[in-house]
Amino acid sequence: MACVGVVADAEFTTKENLNLCRAANLELIGRIKKSMVMNYQGEKKQIRHMAELFPFKSCSHYKTVGWRARSSIVSIEDLDQPLVKIVLIWRKNRSEWIPFFLLSTNIETTTGEIIRAWQKRWQIEVLHRLYKQNFGLPSSQFIHYASQQHHANLVLEAYGFARVERDRERGLKWREARRRAGEKLRKQLVTEGLARAA
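Asks: Which parts of the structure should I look at to understand the pattern of salt bridges?
Replies: Two side chains that carry opposite charge are able to pair once their charged atoms sit near each other. For the structure shown, the criterion picks out 13 salt bridges. In this structure, Asp9 and Arg121 form a salt bridge, with 3.9 Å as the shortest nitrogen-oxygen distance. A residue pair is termed long-range when its members are at least 10 positions apart, and Asp9 in the loop between β1 (4-8) and α1 (15-23) and Arg121 in helix α3 (residues 111-135) qualify at 112 residues. On the accessibility criterion, Asp9 (22% relative accessible area) is partly exposed. The class of Arg121 is buried, set by a relative accessible area of 15%. Ionic pairing is found between Asp78 and Lys15, a salt bridge with its closest N-O pair at 3.7 Å. Here Asp78, found in the loop between β6 (67-75) and β7 (83-93), pairs with Lys15, found in helix α1; they are 63 residues apart in sequence, far enough to count as distant. Asp78 gets classed as exposed once you look at its relative accessible area, which sits at 59%. Bridged by salt links that share partners, the residues Glu169, Glu176, Arg179 and Arg180 form one connected network.

What counts and what doesn't
Residues numbered from 1 in each chain as written. Predicted model: local features only at pLDDT ≥ 70, side-chain atom pairs only at ≥ 80, totals over all residues. Heavy atoms only, no water. Salt bridge = Lys/Arg side-chain N within 4 Å of Asp/Glu carboxyl O. Helix = DSSP H or I, 4+ residues; strand = E, 2+ residues; numbered from the N terminus. Buried < 20%, exposed > 50% of the residue type's maximum accessible area, 1.4 Å probe, protein only.

Okay, structure coming up:
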């Protein structure tokens, strides 16, 4: 796999950022908006039209992720190097197949490599959401960087304690795992405090 420099969501996959990454000799893999205009087989079309051209049944099945995908080399205006690889991905959401689109500035990167890179990025996103929703990552009111870093370290430590509880009991909800881990830590701190005082 070529060295991927940046894997980004649609807000960051702009023409300006595509040009900046190429100028720095970095591959960019990113989700793109359906409204982006491409030149495909001599016609200007919005990216969304790929879903009409290639229904999910006509796309290759990637069993490891359960997605169907098809890639095409297209050109995009206002890029220093206009050729990019667009990957149409169909993923099943409940009973409906929903399309979304990825782009790679390296047309040699395979569809499978693009999907794997995106999946790794998505796993990080899910973990970050877990930290935010269950362990108070965004609740830091500190101004200084060192204090924010200390808060983030405590969040990661709390996650580790809760993870141990979940590993002990499969199916345990994060809230309960967090409560049990906190209770054990409180008992440990009290016991150590009493031992030091004695």
